[in-house]
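# Structural characterization, general
Listed below, chain by chain, are the residues.
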Amino acid sequence: MARFGMVIDTRQCVGCMDCVVACKVENDVPDGFCRDWINQRLEGTMPDLRLTITSERCNHCDRPPCVSCCPTGASHVHEPGKVVLVDHGKCIGCKACLASCPYGARFIHPEGYADKCTFCIHRVEKGELPACVAVCPTHAMHFGDLDDPGSGLNRLLASRRHFVLKPDAGTQPRIFYLE
Amino acid sequence: MLELVTTRDNPMIDPTMHVWGWEIPVYLFLGGWVAGSMVLAGWFMRQGRRPGDGCVCYVLPWVSLLLISLGMGALFLDLEHRLYVWRMYLTLQPASPMSWGGWILLLVYPVLALSALVSIPGDWLERWPAVKRLAARLGEATASRTLGHANIVTGVALGIYTGILLSSLGARPLWASAALGPLFLVSGLSTGAAFAHVISRKPGDQATLLRADNVFLAVELLLIGLFLIGLSTASAVHANAAALLLGGPYTAVFWVFVVGLGIVLPLAIQTLMASHRIPHTLVAPVLVMAGGLALRFVIVSAGQYSHWISP
């Protein structure tokens, strides 16, 4: 079975926010909300500074706390791809999933249900890339099957040092950032 | 230098998460109060107290029905997708304490309703002979003891689940403690005992409830100590969360209103009351109940403020 994931090259990402805009347009994300966003982390002391730009979203964790805490089963792991999704018709808006996500990846849609990145599963199931990946002008973002040893993702992960966000939260995120 | 700039500005999430307002602490407080009342009422029922004895155990179910309904009202107000609430009862999610809670609340109502039914005088039920027969049967010694057991089991489940509910949300380090379940249960027991002490008209029962409340308050202090020690000696993330109550922004409200005015002072007053050095007063039980409410507000608010510190 496929296990979709993402690899993002922090050396190629310039923080242009094309991914953010593409997501808003593709998924009709309401004003004042976002399913993905850009973080810029500046560390060091002048003149030795290091800037890390990360395009962030739901990490579609292998151990998703938002799924286990959901009282109605609205938050679920979708097959194929093991993508974490929300069934809007089952969500009661209790916000337990918002509280359980260490990444702050979810929000309450103005219509009342919990909302978040879906890896554009409606596009992926048609053989297309997620909107954010498709529009990235520097080709910093890569999407594919982490369970396929020959996939581009696994080749990148084997060849470059990488990290995940908040590894100590124990959620086993599936978005990897190349250093 | 470390500077973080984010383009994310989602309501309730940024700049710090605040998804639960007053509704959840109020629900947790009322739920705990009902849980404590059910356990105490069940304990008296198990002793074979009769409805005509004037025992507080036949008043508590009526009050509890009102309180749990108010609590569920607060819970309902907190929901963002309210018309879909019935979805809770189409499934049981074993990994979700919130799902267990929904079903526990569904059990609480019939247990409370049957307990309340026993105390209705038979004359009032003449129009409904079937209900009258049921009330009479429940009033028999064996059925009354069974009802007592049902109250205790359901009350413990209700009291403990509220704490487990928070501790299962691992992204909030302050709640990542197994002590929260027992702490909320004991806090509910002390709230229930304080209230029962106030409304009880039997001096013997008042003395029993007073002594029981003192034990609950002492255990609550112990559990708060274990809760803070456990977090402080765990990872840096958890120690930072504990620091919110040990020098951080929630320190004053926690130590003054929860520990000082909500536990230590009433425990001191009630110890004097139990040894007959001062007369029974409303002050201590009211402080205990206010402390129980403050505990829920502080834990829910500080827990949302706590977060994972790594990038």
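See the structure shown above.
Bear in mind that the values here come from a model prediction, so they are computed numbers and not experimental data. (Residues numbered from 1 in each chain as written. Chains lettered and ligands numbered in written order. Predicted model: local features only at pLDDT ≥ 70, side-chain atom pairs only at ≥ 80, totals over all residues. Heavy atoms only, no water.)

### Let's talk about the overall build of chain B
Keep this limit in mind: Numbering of helices and strands starts at the N terminus; helices are DSSP runs of H or I of at least 4 residues and strands are runs of E of at least 2. Based on C-alpha atoms, the radius of gyration is set beside the globule rule, defined as 2.2 Å times the residue count to the power 0.38.
Scanning chain B for helices and strands turns up 10 helices and 1 strand. Listing the helices and strands of chain B from first to last along the sequence gives β-α-α-α-α-α-α-α-α-α-α. By the compact-globule yardstick of 19 Å for 311 residues, chain B fits well, its C-alpha radius of gyration being 21 Å. Overall, chain B is about 80 × 55 × 25 Å in size when its C-alpha atoms are taken along their principal axes.

### Here's the deal with the overall build of chain A
For the record, the criterion: Exposure classes here rest on a 1.4 Å probe applied to the protein chains alone. A residue is buried below 20% of its type maximum, exposed above 50%, and partly exposed in between. Contacts are assigned to residue pairs with any non-hydrogen atoms lying within 4.5 Å of each other. Here, Shrake-Rupley sampling with a 1.4 Å probe gives the accessible areas, and only protein chains in the shown set may cover a residue. All tallies of charge rest on Lys and Arg as positive and Asp and Glu as negative; His and the ends of each chain are not included. A charge is said to be at NZ when it belongs to Lys, at CZ for Arg, at CG for Asp and at CD for Glu.
From N to C terminus, chain A includes 6 helices and 10 strands. What you see for chain A is a C-alpha radius of gyration of 16 Å, in line with the 16 Å of a compact globule of 179 residues. Within chain A, buried positions represent 60% of all 179 residues. Intrachain contacts of chain A at a sequence separation of at least 6 include 58% that bridge at least 24 residues. When the accessible surface of chain A is totalled, it reaches about 7300 Å², and 53% of it is carbon and sulfur. Computing the positive centroid from 20 side-chain charges and the negative centroid from 21, chain A places the two 4 Å apart.

### Some words on the interface of chain A and chain B
Stated formally: By definition, the buried area sums, over both parts, the 1.4 Å-probe accessible area that each loses when the two are put together. We define a salt bridge as a contact between a side-chain nitrogen of Lys or Arg and a carboxyl oxygen of Asp or Glu at a distance within 4 Å. Any N or O atom pair separated by 3.5 Å or less is treated as a polar contact, with the protein-specific requirement of one donor-capable and one acceptor-capable atom, and with residues adjacent in sequence counted only for side-chain atom pairs. Each pair of strands is called paired provided DSSP finds at least two bridges between the two strands.
Each partner contributes residues to the interface: chain A has 47 residues there, and chain B has 39 residues. Summing both partners gives a buried area of about 3700 Å² for chain A against chain B, and 59% of it is carried by carbon and sulfur. The interface formed by chain A and chain B holds 2 salt bridges in total. The partner of Lys95(A) in a salt bridge is Asp78(B), with the nearest N and O atoms 3.0 Å apart. At the junction of chain A and chain B, the tally comes to 19 residue pairs in polar contact (both at pLDDT 80 or more). For the side of chain A that touches chain B, the secondary-structure elements that each account for two or more residues are strand 2 (37-45), helix 3 (96-100) and strand 6 (107-108) of chain A. Broken down by element, the residue count for the side of chain A that touches chain B peaks at 8 residues, all from strand 2 of chain A. With 5 bridges connecting them, strand 2 of chain A and strand 1 (residues 2-6) of chain B associate as antiparallel partners. Paired with Leu42(A) across the bridge in strand 1 of chain B is Glu3(B).

### Considerations on the packing of aromatic side chains
Note the cut-off: Whether two aromatic rings pair depends on their centres lying within 6.5 Å, for rings of Phe, Tyr and Trp, where Trp uses its six-membered ring; planes under 30 degrees apart make the pair stacked, over 60 edge-to-face, and the rest tilted. Sitting over a ring, as applied to charges here, requires NZ of Lys or CZ of Arg to be within 6 Å of the ring centre and within 35 degrees of the ring normal.
What the rule picks out here adds up to 11 aromatic pairs over all chains. Taking 5.5 Å as the distance between ring centres and 20° as the angle between the ring planes, the aromatic pair formed by Phe163(A) and Tyr177(A) counts as stacked. With a gap of 14 residues between them, Phe163(A) in strand 9 (residues 162-163) and Tyr177(A) in strand 10 (residues 175-178) connect regions that are remote in the sequence. Since its relative accessible area comes to 25%, Phe163(A) is described here as partly exposed. Take Tyr177(A): its relative accessible area is 0%, and that puts it in the buried class. Here the basic side chain of Arg8(B) rests over the ring of Trp37(A), its NZ or CZ set 4.6 Å away from the ring centre.

### Regarding the layout of surface pockets
Picture a little ball the size of a water molecule; that probe, rolled over the atoms, points out where space is still empty. For the record, the criterion: Cavity and pocket criteria rest on a 1 Å grid covering protein atoms alone: a 1.4 Å probe that fits but cannot get out defines a cavity, protein on both sides within 12 Å along at least 5 of 7 lines defines an open pocket, and an atom within 4 Å of a point defines a lining residue. Grid points are joined across faces, edges and corners, and a volume is the space filled by probe spheres set on the points. Three classes are used: nonpolar for Ala, Val, Leu, Ile, Met, Phe, Trp, Tyr, Cys and Pro, charged for Asp, Glu, Lys and Arg, and polar for all others, with Gly counted as polar.
For the largest pocket, the calculated volume is near 970 Å³. Taken together, 38 residues make up the lining of the largest pocket; nearest its centre are Asn39(A), Lys166(A), Leu4(B), Arg8(B) and Ser310(B). Among the secondary structure elements, those contributing two or more residues to the lining of the largest pocket are strand 2 and strand 3 (48-56) of chain A together with strand 1 and helix 10 (283-305) of chain B. Counted by class, the lining of the largest pocket contains 18 nonpolar, 10 polar and 10 charged residues. One number sums up the size of the second largest pocket: a volume of about 330 Å³. If you trace the second largest pocket, you find 21 residues lining it, with Ile92(A), Leu75(B), Leu79(B), Met88(B) and Leu105(B) closest to the centre. Those elements that place two or more of their residues in the lining of the second largest pocket are helix 1 (23-46), helix 2 (60-78), helix 3 (97-118) and helix 5 (141-167) of chain B. A breakdown of the residues in the lining of the second largest pocket according to their chemical character gives 18 nonpolar, 2 polar and 1 charged.

### Focus: helix 5 of chain B
Note the threshold: The span one expects for a helix is its residue count, reduced by one, times 1.5 Å. Bend is computed residue by residue as the angle between axes fitted to the seven residues ending at the residue and the seven residues starting at it.
Between its first and last C-alpha, helix 5 of chain B extends 40 Å over 27 residues, near the 39 Å set by a 1.5 Å rise per residue. The sharpest bend along helix 5 of chain B comes to roughly 30°, located at Tyr161(B).

### What to know about the pattern of salt bridges
All names here are of chain A. Evaluated as defined, the whole model comprises 16 salt bridges over all chains. Among the salt bridges present, the one from Arg 161 reaches Glu 179, with a minimum N-O distance of 3.3 Å. With Arg 161 in the loop between helix 6 (152-159) and strand 9 and Glu 179 in the segment after strand 10, this residue pair connects regions lying 18 residues apart in the sequence. Residue Glu 179 is classed as partly exposed on the basis of its relative accessible area, which comes to 27%. If you follow the salt bridges from partner to partner, you end up with Arg 3, Asp 62, Asp 147 and Arg 174 in one network.

### Topic: the pairing of strand 2 of chain A
All names here are of chain A. Bridge count for strand 2 against strand 3 is 9 bridges, and the pairing is antiparallel. Each residue of the ladder has a partner; that of Asn 39, found in strand 3, is Thr 54. Hairpin connection from strand 2 to strand 3: 2 residues lie between these consecutive antiparallel strands.

### Some thoughts on the nonpolar core
Note that soluble globular proteins tend to have their nonpolar side chains buried in a common cluster. What counts is decided by this rule: Take the buried residues of types Ala, Val, Leu, Ile, Met, Phe, Trp, Tyr and Cys, join any two whose side-chain atoms come within 4.5 Å, and each joined set is a nonpolar core.
With 102 residues, the main nonpolar core has Trp20(B), Leu158(B), Leu166(B), Trp175(B), Phe227(B), Leu245(B) and Phe254(B) as its most contacted residues. For this core, the element with the highest residue contribution is helix 1 of chain B, accounting for 14 residues. By size, the runner-up hydrophobic cluster in this structure holds 31 residues, among which are Met6(A), Val20(A), Trp37(A) and Cys61(A).

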